[in-house]
Structure formats: structure tokens, C-alpha cells
Amino acid sequence: MSEKVSLSWTGLTHPGRFRKNNEDAFLAVTFDAEGLQYLGKSGTADLDRGDFVFAVSDGMGGANAGEFASRVAVQKIAELLPKSFKLGAYGLQRGFSDILTELFQRIHKEMTQMSAYYEECRGMGATLSLGWMSPGWMHFCHIGDSRIYYFPRDGGSRQLTEDHTHVGWLFRSGKINEREARTHGERNLLQQVLGGKCLKIDPQVGSVGIEPGDRFVFCSDGVTDGIWDRRVEELVRNPPPRFAELNPANRLVQDALEESGRDNITAVVVEVQ
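What comes next is a walk through the structure. Numbering of residues starts from 1 in each chain and follows the order in which that chain's sequence is written. It should be noted that, the model being predicted, local features are given only for residues of pLDDT at least 70 and side-chain atom pairs only at 80 or more, the latter also being counted only at that level, while totals for whole chains, interfaces and linings use all residues. The side-chain figures draw on all heavy atoms in the structure; neither hydrogens nor water molecules are used.

## Some details on helix H7 (residues 229-237)
- Only protein chains enter the accessibility calculation, which uses a 1.4 Å probe. A residue is then buried if its area is under 20% of the maximum for its type, exposed if over 50%, and partly exposed in between. Helix and strand definitions here come from DSSP, where helices need a minimum of 4 consecutive H or I residues and strands a minimum of 2 consecutive E residues; each element is numbered from the N-terminal end. Taken together, the buried positions of H7 are occupied by Val232, Leu235, Val236 and Arg237.
- Packing partners of the buried residues in H7 comprise strand S9 (147-151), strand S13 (215-219), helix H8 (248-259) and strand S14 (265-272). Residue contacts are defined here by distance: any two heavy atoms, one from each residue, within 4.5 Å place the two residues in contact.

## Some details on the pairing of strand S3 (residues 35-38)
- In short, DSSP must find at least two bridges between two strands for them to pair. Inspection of the sheet shows strand S2 (residues 24-32) paired to S3 by 4 bridges, in the antiparallel sense. The partner of phenylalanine 31 across the bridge, within S3, is leucine 36.
- Between S2 and S3, which pair antiparallel in sequence order, lie 2 residues.

## Details of the environment of proline 239
- Mapped onto the secondary structure, proline 239 falls in the loop between H7 and H8.
- On the accessibility criterion, proline 239 (23% relative accessible area) is partly exposed.
- Counting along the chain gives 46 residues from proline 239 to valine 193, while the straight-line C-alpha distance between them is 33 Å.
- Leave out the neighbours within four places in its chain, and proline 239 touches Glu234, Ala244 and Arg251.

## What to know about the packing of aromatic side chains
- Note on aromatic contacts: the rings of Phe and Tyr and the six-membered ring of Trp form a pair at centre separations within 6.5 Å, being stacked when their planes are under 30 degrees apart, edge-to-face when over 60 apart, and tilted otherwise. Tallied over the full model, the rule gives 7 aromatic pairs.
- With centroids separated by 6.4 Å and ring planes inclined at 40°, the aromatic side chains of phenylalanine 54 and phenylalanine 218 adopt a geometry described as tilted. Of the two residues, phenylalanine 54 sits in strand S5 (residues 51-60) while phenylalanine 218 sits in strand S13, which places them 164 residues apart along the sequence.
- Grouped by ring-pair contacts, the aromatic residues Trp9, Phe52, Phe54 and Phe218 constitute a single cluster.
- Any Lys NZ or Arg CZ that is within 6 Å of a ring centre and within 35 degrees of that ring's normal is treated as a charge sitting over the ring. Here arginine 230 stacks its cationic end above the ring of tryptophan 228, 5.4 Å away from the centre of that ring.

## A word on the side chain of arginine 237
- Position of arginine 237 relative to the elements: it lies in helix H7.
- Pairs of N or O atoms within 3.5 Å make up the polar contacts considered here, provided that, within protein, one atom can donate a hydrogen while the other can accept it, and that residues adjacent in sequence are counted only when both atoms are side-chain atoms. Reaching out from arginine 237, the side chain makes a polar contact with the backbone oxygen of proline 152 at a distance of 2.8 Å.
- Residues contacting arginine 237, with those up to four places away along its chain left out, are Phe151, Pro152, Arg153, Gly155, Gly156 and Arg215.

## Details of the sheet that holds strand S10 (residues 158-159)
- Overall, antiparallel pairing links the 6 strands, which are arranged S4-S1-S14-S13-S9-S10 in an open sheet. Of all strands in the sheet, those bounded by a partner on one side alone are strand S4 (42-46) and S10.
- The sheet contact formed by S9 and S13 spans 5 bridges and is antiparallel. Bridge assignment links tyrosine 150 to a residue of S13, and that residue is phenylalanine 216.
- On top of the sheet, H7 reaches S9, S10, S13 and S14; it is set at about 55° to S9, its chief contact.
- Only C-alpha atoms enter the line fits that serve as axes; for helices the fit covers just the stretch in contact. Angles between N-to-C directions range over 0 to 180 degrees. The sheet strands contacting H8 are strand S1 (6-14), S13 and S14, and the helix crosses S14 at an angle near 150°.

## Quick word on the environment of alanine 25
- With respect to the element layout, alanine 25 can be found in strand S2.
- Owing to a relative accessible area of 11%, alanine 25 belongs among the buried residues under this scheme.
- When neighbours within four sequence positions are excluded, alanine 25 is seen to be in contact with Ala55, Val56, Ser57, Ser70, Arg71 and Val74.

Here it is as C-alpha cells:
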């Protein structure tokens, strides 16, 4: 008899301590062949009732363009992905990569056009880190410097996404350590985003098998500006007593707010049960 698997999730976004606007956005939806349903900031649902998508986006651009950009990114996901459900339902493993890459390309094209046609959208761009969960798998697609972390049930941690910055490359290449990466003057200079001034994009796509006890964190750079990777894991797995009563996303946002709070802060935490 196969084990019944469910997901529980919590999500929270905060403007931070110094900014009036919140240019971050997050998305939690479930969809099947019948259509799409938006999920609340927290909940639990069976994974066999449909597929689930969680995403975090960090917008950028003049005036209110950053706020608009992150919203466009998450709205487009909700609009375009359900049309692809039947492909996923037949277990076409290769299909996910193609679908997600095309989705990111379409969002990029739309943002680029809006930036060209509307003065108030000039320079509009956004990061996007997305996870598509179906029975047994989490397929992800990513661009920018928001992140997806994977905490397997047996311990350890892994940053699934690569920061699309030169500093991120230096860190992955072993040329600098985490402390140097966190304090580097060019850590926020993005080499790839949706929209912005990027002519071509090459989003990172991948998949990991999932099983009960696994956890995933989707977060904007406002979280990682405030707290270290090992602290992210600690807050998710074994929170200190003063954070124990808070839900997982709230723990990450609250700690990042206390430690830094210079940027908008967004976290979505998903647990496979």
C-alpha cells in the first residue's frame, strides 16, 4: 500500500525596517485538469489532489515598477501553468523542463515589452524561484538571486538554486567563502533577471525526488542578507525556544528582520508529510 503524502506550507512577506514599498511577492497555488486554486499563507493538503506550485519573486525598477514586476511574475505563473497540467499528469519527466523554461521565457518577453512601451515600467525586472511539486518530485526553475533550499529528512542541507551573480559564481567556484560572499560589494549585481536589460535568459532548471520529512525554503535575498545558511536550517529544523511558537516562514522573516531588515523579506517553507 502506498503512503499517503501531504504538503504543509507557510508563507510571509515583510517590507523590512527601512523601505516603504514591498517589491517582493510570493505565490502558493494548486491546480489540476479542472483549474487552479490560490492557497492561503498557510495550510495542509494532500499531494494526490493535484500539483502544487510555490514561488518567490523580488522585483526591481524605478518608481513602483519593482512592485509591479514581482506581481506580474507570480500572476503569469498562475495564468500559464494550468494549461500544462495534462502533460505533467502523464508523467512526462522531460516535459517539466520544457514547460518551465518556456514559462520563464514568456514572462521575460512580457516584462521586456512592458518596459519598452510604458514609461512607468522602464527598467522593470524580477527574480523568480519556483518549485512545482507533484507526487514524488519537486521540479524547479530559477533566475536571479532569490533562493530555494532543500533540507532532506535525513539531515543536511542544499541550496538548489545558483545565484546569478559574479559573486555567486566566485562562491560556487571555491574562490571565496560564505562570509566573503555575504560582504562582497558586488553581491547584488545580477547577471540574469526576468525583464530588466537582459537580452537573453538561461534559467536554471532541475528536479529532486521528495519523500515525507523533506523540507524546502523559498526566499528572497532579504532573508539571506540577514541570516546565514546554517541559521536558515536551524530555524526550520530545530528553532530556538523564542521562535518555537512561530510558524516556519515567520521564524525566518522575524530573524532576518532583527539581524538586518535592510531589504524586503519573503519566505515560503514547505514540508512533505
